[in-house]
Structure formats: structure tokens, C-alpha cells
Amino acid sequence: MHKSKFDAAYWDDRYKNQQTGWDIGYPSTPIVTFFNGIANKEASILIPGGGNAHEAQYLYEQGFKNVYLLDWAAGALRNFKTRMPDFPDFQLIQEDFFKFKSIQFDYIIEQTFFCAIDPALREDYIRHTHELLKNNGHLVGLLFAKEFEKEGPPFGGLKTQYEPMFSRHYNIKIMEDCYNSIEPRAGSELFILMEKK
Ligand SMILES: C[S@@+](CC[C@H](N)C(=O)[O-])C[C@H]1O[C@@H](n2cnc3c(N)ncnc32)[C@H](O)[C@@H]1O
């Protein structure tokens, strides 16, 4: 397995030092809008690399009780538990996503996790999200639709690069310029909805 310098200690330090510029501080509008349209509150949902996970909080409070937050940074999970003391511990998973084996999920949410991993691991991300989804399960969320000038993270990308990678394992239902991005990300991200092949 490829070894990245952006390891758990790197990310945990970012939480310790409060260098979390990616954290928008509230649940992401496009993700909220999508799940507001999902009637099945029993759906199982994984948020990998979820960080402070305002979306996990929102979904849980909306009655999606089967939401799981995975992050390898202890600081992120600690922050979440402080805000959400009643959230079940077994649904808070401190582990390397790429080694995570578990039940399968109806949905996996993507928000600034794909852009945080070394691009050499993108194929692994696609394969592993696919393995963790039930048949007909969906990967849903946001991908950056731009390249960044500085070396990442975040690592950017373009629709023309993502499409061939994801389409090997997913039926791409939506991969479009996001119409309801939060203001600072307007025009720079794609909304994705993909069904496991
Ligand atoms: C840019 S942050 C995004 C956090 C969150 N999704 C958000 O939007 O606020 C990336 C997160 O992915 C986590 N992460 C990176 N690589 C990981 C891995 N291999 N396994 C688990 N978590 C990982 C980091 O600890 C960090 O919390």
C-alpha cells in the first residue's frame, strides 16, 4: 500500500492547532438538500474523513439514526463527541478509511475527503467506497472542480479526470456543477450522485 506523508498524526495536529480551514462550521447546503429529500430514515450512512462532521450531527438530529462518522484523527472525533454526547460510540470510528472493514451502507457521503487524500490513493478510494456500499448504494456529495495552485492537500481535479475513474465502479447519475454550493465554494465544485455498479 502506498504510504502518504499526510498521515493520522498530520491531520490530528491540524485539529489540535485548530488549523481546520476546510471546516465550514455548519452542515453543507447541497448535502442537507439531498438528504432532506430522502424519506427512509433507516438508511445507513457513512461519512469517511468526516472531521468535525456537521453533516453527521444534522442527519442524526433529523432522525437518520444509522449515521456513522469515520476519521483517523482523534481530535476530530473528540470535538464531535463534545457537541453530541449522546451519539452512539460504536458509530464513531477512529480508523484508517482504507483499512476499514464493516457492514455495508446505503449511502457514503463525500465532502473534502477525496481532495484530502494523496491523489495516488484515488483509485483505492473508489474501490473501497464501492466495497463498503450495499448493492444499489450511493456515493453522494461534492468534489472540487478545479486545480489548486499550491501543492495539496487539498488536491483538486476536473470532471474530465473523475468521470473515467468513477465510471468503472459506479453508474454516474449526477456529476454536475453544483447549483447550491456554499458561497465561498460557488463555481468550484461538482455535486455527485453515483450508484454502485
Ligand atoms: C480536509 S478534512 C475534511 C473534514 C470534513 N469532511 C469537513 O468537510 O469538514 C479531511 C479529513 O479526512 C481525514 N482523513 C484523511 N485521511 C484519512 C484516512 N486515510 N482515514 C481516515 N480519515 C482520514 C482527516 O483526518 C480529516 O479530518
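Cut-offs applied
Residues numbered from 1 in each chain as written. Predicted model: local features only at pLDDT ≥ 70, side-chain atom pairs only at ≥ 80, totals over all residues. Heavy atoms only, no water. Helix = DSSP H or I, 4+ residues; strand = E, 2+ residues; numbered from the N terminus. Rg over C-alpha atoms; globule rule 2.2 N^0.38 Å. Buried < 20%, exposed > 50% of the residue type's maximum accessible area, 1.4 Å probe, protein only. Contact = heavy atoms within 4.5 Å. Areas by Shrake-Rupley, 256 points an atom, 1.4 Å probe, with all protein chains shown as cover. Lys, Arg positive; Asp, Glu negative; His and termini not counted. Charge placed at Lys NZ, Arg CZ, Asp CG, Glu CD. Salt bridge = Lys/Arg side-chain N within 4 Å of Asp/Glu carboxyl O. 1 Å grid on protein atoms, 1.4 Å probe; cavity = no way out; pocket = protein on both sides within 12 Å on 5 of 7 lines; lining within 4 Å. Points joined across faces, edges and corners; volume = space filled by probe spheres on them. Arc of directions from axis to C-beta. Phe/Tyr/Trp six-rings, centres within 6.5 Å; stacked < 30°, edge-to-face > 60°. Lys NZ or Arg CZ within 6 Å of the ring centre and 35° of its normal. Pairing = 2+ DSSP bridges. Axes fitted to C-alpha atoms, helices over the stretch in contact; angles between N-to-C directions.

Once that is clear, we can look at the overall build of the chain. The helix and strand tally for the chain stands at six helices and seven strands. Counted from the first residue to the last, the chain has its helices and strands arranged as α-α-β-α-β-α-β-β-α-β-α-β-β. Since a compact globule built from 197 residues should have a radius of gyration of about 16 Å, the 16 Å found for the chain is in line with a globular shape. C-alpha atoms of the chain, sized along the principal axes, occupy 40 × 40 × 35 Å. Across the 197 residues of the chain, 54% fall into the buried class. Within the chain, residue pairs in contact and separated by at least 24 positions form 68% of the contacts whose partners lie at least 6 positions apart. Carbon and sulfur atoms provide 50% of the accessible area of the chain, an area that totals close to 9600 Å². The centroid of the 22 positive side-chain charges in the chain is displaced by 2 Å from the centroid of its 27 negative side-chain charges.

Now for the pattern of salt bridges. Two side chains with opposite charge may pair up if their charged atoms get near one another. With the rule as written, the count across this model stands at eight salt bridges. Measuring nitrogen to oxygen at the nearest pair gives 3.2 Å for the salt bridge that ties Asp106 to Lys134. Taken together, the residues Asp106 in strand 4 (residues 105-110) and Lys134 in strand 5 (residues 133-144) connect sequence positions 28 residues apart. Put simply, Glu123 and Arg168 hold a salt bridge, and the shortest N to O gap is 2.8 Å.

Further remarks concern the layout of surface pockets. If you add up the space inside the largest pocket, you get close to 810 Å³. For the largest pocket, the lining is made up of 44 residues, of which Trp11, Thr112, Phe113, Ala116 and Ile117 are closest to its centre. Every element with two or more residues in the lining of the largest pocket is listed here: helix 1 (8-16), strand 1 (45-48) and helix 3 (54-61).

Now for helix 6 (residues 159-167). Counting along an α-helix, one turn takes 3.6 residues, and residues three or four places apart therefore face a common direction. Looking only at helix 6, the buried set comprises Tyr162, Met165 and Phe166. All buried residues of helix 6 fall inside an arc of 90 degrees around its axis, so they share one side. Contacts made by the buried residues of helix 6 are with helix 5 (122-132), strand 5, strand 6 (170-177) and strand 7 (189-196).

Below, the discussion takes up the packing of aromatic side chains. For the coordinates displayed, the defined rule picks out 23 aromatic pairs. Between Tyr10 and Trp11, the aromatic rings sit 5.1 Å apart at their centres with planes inclined by 90 degrees, giving edge-to-face as the arrangement. Take Tyr10: its relative accessible area is 24%, and that puts it in the partly exposed class. Taking the relative accessible area as the measure of exposure, Trp11 reaches 12% and is therefore buried. Among the aromatic residues, ring-to-ring pairing joins Phe97, Phe98, Phe113, Phe114, Tyr125, Tyr162, Phe166 and Tyr170 into one connected group. One residue, Lys41, lies across the ring of Phe64, its end atom 5.3 Å from the ring centre. Taking NZ or CZ as reference, Lys65 lies 4.0 Å from the ring centre of Tyr60, over its face.

Further remarks concern the sheet that holds strand 6. Spatial strand order, 3-2-1-4-5-7-6: seven strands in an open sheet with mixed pairing. Each edge of the open sheet carries a strand with a single partner, namely strand 3 (92-93) and strand 6. Of the strand pairs in this sheet, strand 5 and strand 7 are connected by seven bridges, and their pairing is antiparallel. The partner of Leu142 across the bridge, within strand 7, is Phe191. Contacting strand 1, strand 4, strand 5, strand 6 and strand 7, helix 5 runs over the sheet at an angle of about 140 degrees to strand 5. Strands in contact with helix 6 are strand 5, strand 6 and strand 7; relative to strand 6, the strand with the most contacts, it is inclined by about 165 degrees.

Distances and angles like these do not, on their own, reveal function.
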